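For reference, the chains in residue letters:
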Amino acid sequence: MALALYATLPGTFLPGLRYAVVGIGLTMLIPVVLLNPHRLRHQSRWSKYVATGQALLLVAANEVALIQLIILLTTGGSGSGSRDLLSALQVWATNVIAFALVFWELDRGGPVTRRHAPRKELPAADFRFPQDEDRDAVEEVASRSSERIDWVASFFDYFYFSLSNSMAFSPTDTMPLSLRAKGLMAVESFSAFVLLALVIARAVSLLR
């Protein structure tokens, strides 16, 4: 989905770089899919590096697109207001998905480790979800805590977290614990803030 959004940006967005990133991303996706065609059961060191590298590549490429969009919006746009706003939406949506993938791959060793490793053997957490601290809440809340049902975050949990970070520009219910988590969140929220400010400014100029 994120690769498709990135690939369909207007032709003015560095087409050579876009097609190269999409090609590399799809190539990196093939071995990951072959290793886990149905469920996340298998992981090797190289597959972990490939999956994480793919997510980071998409983040980096989309940040380049964001910089180009900023230049475009601050120099008068492409001449088509609707195209500029649609491009901004594509860049923003790609950013949300790409950062969600990075969070998903990095936290507690990645999705395969989180699903299959005993909780005591999981690597240190990058994020603290509400379920991780609900064991002392009232019974109907505590019954869904990590300690009670061995809960671990799914991709949608990281997507929701990425989405809220891009809209609120700060943590909502999930808190960053590690330096790398805080750094990634800072980049995402700052990118979303700059993009939103420029889109609002562009929209106001179109109304005049």
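Residues numbered from 1 in each chain as written. Predicted model: local features only at pLDDT ≥ 70, side-chain atom pairs only at ≥ 80, totals over all residues. Heavy atoms only, no water.

A.B. asks: What is the right way to look at the overall build of the protein chain in this model?
C.D. replies: If you tally the helices and strands in the protein chain, you get 9 helices and 2 strands. For the protein chain, the α and β elements follow one another from N to C terminus as α-α-α-α-α-β-α-α-α-β-α. Counting every position in the protein chain, which comprises 208 residues, the buried fraction comes to 42%. The contacts of the protein chain with a sequence gap of at least 6 include a subset with a gap of at least 24, amounting to 66%. Of the roughly 11,300 Å² of accessible surface on the protein chain, a fraction of 66% belongs to carbon and sulfur atoms. (Helix = DSSP H or I, 4+ residues; strand = E, 2+ residues; numbered from the N terminus. Buried < 20%, exposed > 50% of the residue type's maximum accessible area, 1.4 Å probe, protein only. Contact = heavy atoms within 4.5 Å. Areas by Shrake-Rupley, 256 points an atom, 1.4 Å probe, with all protein chains shown as cover.)

A.B. asks: Help me understand the pattern of salt bridges, please; the structure alone is not making it clear to me.
C.D. replies: Pairing between side chains of opposite charge can happen when the charged atoms of each approach one another. The full count for this structure, using the stated rule, is 5 salt bridges. Residue D150 is joined to R119 by a salt bridge in which the shortest nitrogen-to-oxygen separation is 3.0 Å. Here the residue D150 occupies a position in the loop between helix 7 (146-149) and helix 8 (155-168), and R119 occupies one in the loop between helix 5 (111-116) and strand 1 (127-128), the gap between them amounting to 31 residues. With a relative accessible area of 30%, R119 lands in the partly exposed category. When the shortest N-O distance is used, the salt bridge between R180 and D126 registers 2.9 Å. Of the two residues, R180 sits in helix 9 (residues 179-207) while D126 sits in the loop between helix 5 and strand 1, which places them 54 residues apart along the sequence. We classify D126 as buried; its relative accessible area is 4%. (Salt bridge = Lys/Arg side-chain N within 4 Å of Asp/Glu carboxyl O.)

A.B. asks: Can you help me understand the packing of aromatic side chains in this one?
C.D. replies: One pair of aromatic rings is described through two measures. These are the centre distance and the angle between the planes. The tally for this structure, following the rule as stated, stands at 10 aromatic pairs. For the ring pair F103 and F161, a centre distance of 5.2 Å and an interplane angle of 45° mean the geometry is tilted. With F103 in helix 4 (residues 81-106) and F161 in helix 8, the pair connects residues that are 58 residues apart, well separated along the chain. As far as burial versus exposure is concerned, F103 and F161 are alike and both buried. (Phe/Tyr/Trp six-rings, centres within 6.5 Å; stacked < 30°, edge-to-face > 60°.)

A.B. asks: What's the story with the side chain of S164 in this structure? I'm lost.
C.D. replies: The residue S164 is located in helix 8 in this model. Those residues within four positions of S164 in sequence are excluded, and the remaining contacts are F169, S170 and T172.

A.B. asks: Is there a simple way to think about helix 8 in this case?
C.D. replies: An α-helix turns once per 3.6 residues; consequently, residues spaced three or four apart project the same way. Between its first and last C-alpha atoms helix 8 spans 20 Å; for 14 residues at 1.5 Å apiece the expected length is 20 Å, and the two agree. Among all positions of helix 8, only D157, Y158, F161, S162, S164, N165 and S166 are buried. The positive-phi residue at the C-terminal boundary of helix 8 is F169, with phi of around 60°. (Expected span 1.5 Å × (residues − 1).)

A.B. asks: Would you mind showing me how to read the nonpolar core here?
C.D. replies: Residues V102, F103, F127, F129, Y158 and L184 are the most contacted members of the largest nonpolar core, which totals 19 residues. For this core, the secondary structure elements donating two or more residues are helix 3 (45-74), helix 4, helix 8 and helix 9. Those residues in contact with F129 that sit more than four places away from it in its chain are D107, R108, W151, A153, D157, Y158 and T174. (Core = buried A, V, L, I, M, F, W, Y, C linked by side-chain atoms within 4.5 Å.)

A.B. asks: Where do I start with the side chain of E63 in this structure?
C.D. replies: Secondary-structure assignment places E63 in helix 3. Exposure remark for E63: the relative accessible area of 16% places this residue in the buried category. Among all residues touching E63, those that are not within four sequence positions of it are N95, F99, V187 and S191.

A.B. asks: Can you walk me through the environment of A186 in this structure?
C.D. replies: Residue placement: A186 occurs in helix 9. For the pair A186 and S170, spaced 16 residues apart in sequence, the C-alpha separation works out to 8.3 Å.

A.B. asks: It is not clear to me how the environment of L122 should be interpreted in this structure. Could you clarify?
C.D. replies: Looking at the element boundaries, L122 is found in the loop between helix 5 and strand 1. Along the sequence, L122 and G110 sit 12 residues apart, while their C-alpha atoms lie 9.7 Å from each other.

Geometry only, nothing functional implied.
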